[in-house]
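Per-entry structural report
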Amino acid sequence: MYLQKLVPIQPKTSNILPKICEKVTTSDNYVGFFDVATLPGAGPVPGWGDRFLLGVSPRESWEFVGKGGYSRVYRARWMGAEVALKEASRDAERAESSLGALLREWEHLENLRHPNIVQLFGACRIDGRLYLVTEFLPHCLRDRVTVQALRRQENRNPGGPCAALADVARALTYLHSQGVLHRDVKARNIMLTGDLGTAKLIDFGHALCLPKADGGGGFEEDCLFYDRSGSRSYRAP
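Structural notes, computed from the coordinates. Predicted model, so just to flag it, every value in this text is computed and none were measured.

Let us now look at the overall build of the protein chain. Looking only at helices and strands, the protein chain has four helices and 10 strands in total. Burial status across the protein chain gives 46% buried among its 237 residues. In the protein chain, the proportion of contacts linking residues at least 24 apart, taken out of those at least 6 apart, comes to 58%. For the protein chain, the exposed area adds up to about 13,100 Å²; of that, 51% sits on carbon and sulfur atoms.

Even without glycine at this site, methionine 79 takes up a positive phi of about 55°. Tracing the backbone through its elements, the reader meets methionine 79 in the loop between strand 2 (71-78) and strand 3 (81-88). The residue leucine 196 is not glycine, and still its phi comes out positive at about 60°. Relative to the helices and strands, leucine 196 resides in the loop between strand 8 (190-192) and strand 9 (199-201).

Turning next to helix 2 (residues 95-111). With 17 residues, helix 2 should reach 24 Å at 1.5 Å per residue; the first-to-last C-alpha distance of 25 Å fits that figure. Most of helix 2 sits inside the fold, with 13 of its 17 residues counted as buried.

Once that is clear, we can look at the nonpolar core. Trp106, Ile117, Leu130, Leu175, Leu192 and Phe204 are the most contacted members of the largest nonpolar core, which has 36 residues in total. Elements with a minimum of two residues in this core: helix 2, strand 4 (120-126), strand 5 (129-135), helix 3 (144-152), helix 4 (161-177), strand 8 and strand 9. Of all the elements, helix 2 adds the most residues to this core, at six residues. Discounting residues that sit within four places of it in the chain, phenylalanine 204 has contacts with Tyr70, Arg104, Glu105, His108, Leu109, Leu112, Ile117, Leu175 and His182. Counting residues in each nonpolar core, the second largest holds 13 residues, with Leu53, Val56, Trp62 and Tyr74 among its members.

Ordered in space as 6-8-9, the three strands form an open sheet in which the pairing is antiparallel. Of all strands in the sheet, those bounded by a partner on one side alone are strand 6 (139-140) and strand 9. Relative to strand 9, strand 8 runs antiparallel, the two sharing three bridges. If you follow leucine 192 over to strand 9, its bridge partner there is alanine 199. Set on the sheet, helix 4 makes contact with strand 8 and strand 9; between it and strand 9 the angle comes to about 35°.

Further remarks concern the packing of aromatic side chains. Scanning the model with the defined rule gives five aromatic pairs in all. Taken together, a centroid distance of 5.8 Å and an interplanar angle of 85° make the contact between phenylalanine 52 and tryptophan 106 edge-to-face. With a gap of 54 residues between them, phenylalanine 52 in the loop between helix 1 (3-6) and strand 1 (63-67) and tryptophan 106 in helix 2 connect regions that are remote in the sequence. Of the two residues examined, phenylalanine 52 and tryptophan 106, each falls in the buried class. A centroid spacing of 5.8 Å and a plane angle of 65° characterise the contact between phenylalanine 64 and tyrosine 74, whose relative ring orientation is edge-to-face. Here phenylalanine 64, found in strand 1, pairs with tyrosine 74, found in strand 2; they are 10 residues apart in sequence, far enough to count as distant. An aromatic cluster is defined as three or more aromatic residues linked by ring pairs; in this entry it consists of Trp62, Phe64, Tyr74 and Tyr131.

The next point concerns the pattern of salt bridges. A full pass over the atoms with the stated rule returns 10 salt bridges. Between arginine 72 and glutamate 87 there is a salt bridge, with the nearest N and O atoms lying 3.7 Å from each other. Taken together, the residues span a long stretch of sequence, with arginine 72 in strand 2 and glutamate 87 in strand 3 at a distance of 15 residues. Between aspartate 203 and lysine 86 there is a salt bridge, with its nearest N and O atoms 3.9 Å apart. Of this pair, aspartate 203 sits in the loop between strand 9 and strand 10 (208-209) while lysine 86 sits in strand 3, placing them 117 residues apart in sequence.

All right, on to the sheet that holds strand 2 then. Spatially, 1-2-3-5-4 is the arrangement adopted by the five strands of the open sheet, whose pairing is antiparallel. The open sheet has two edge strands with one neighbour each: strand 1 and strand 4. Along the sheet, successive strands turn relative to each other by an average axial angle of 30°, direction set aside. Here strand 2 pairs with strand 3 via eight bridges, running antiparallel. When the sheet's bridge partners are listed, alanine 76 is paired in strand 3 with valine 83.

Cut-offs used in this document
- Residues numbered from 1 in each chain as written.
- Predicted model: local features only at pLDDT ≥ 70, side-chain atom pairs only at ≥ 80, totals over all residues.
- Heavy atoms only, no water.
- Helix = DSSP H or I, 4+ residues; strand = E, 2+ residues; numbered from the N terminus.
- Buried < 20%, exposed > 50% of the residue type's maximum accessible area, 1.4 Å probe, protein only.
- Contact = heavy atoms within 4.5 Å.
- Areas by Shrake-Rupley, 256 points an atom, 1.4 Å probe, with all protein chains shown as cover.
- Expected span 1.5 Å × (residues − 1).
- Core = buried A, V, L, I, M, F, W, Y, C linked by side-chain atoms within 4.5 Å.
- Pairing = 2+ DSSP bridges.
- Axes fitted to C-alpha atoms, helices over the stretch in contact; angles between N-to-C directions.
- Phe/Tyr/Trp six-rings, centres within 6.5 Å; stacked < 30°, edge-to-face > 60°.
- Salt bridge = Lys/Arg side-chain N within 4 Å of Asp/Glu carboxyl O.

Keep in mind these numbers describe shape, not what the thing actually does.
This is the structure:
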């Protein structure tokens, strides 16, 4: 059974969340978007409703899966299903920028719903650290074994690497229709389901919103076309 059928999560409009670049003050009944990531303790946070999940498997049962430029990922369980838990890097030199990227990803994924984009279920706080809880995708397009398995499917219709890339194109078409630029599309950020039947775009830590016609836009629109974001080998010249 698909986890999204068990716990449907409705998209939230972006104006509910404050800009992640701003540190929001903490009151008795509400904790701001930036502050929530640095609170000690565990469990839900006042004013944040169902964004924080209960029932994540104990920390000692998690399996370390890998790490990227700003995060570490674990395989865990929630409500009996496998999920991925993502936390900001623990590298002291990257702590602030890593946390900002994690919060940026949280804000974007709360507003995005597409079969070719990784699904966010919510977040959890354990031992004073923030984790994003997403669906678990076991295969990465960067892995040679995964690519070889896809090539063996080329005789199927549909199937093979071209089908995976078509899924990514659908994800990008949807993102651009929502005014979002991913800015870090690469093989490492393309994951596949267990049966290799669906490719999904992950890692929205560098994503930004396009400025709107009325002058509004994303939280970093001023640096939209000037910030050298993403992986150097995949950047446009």
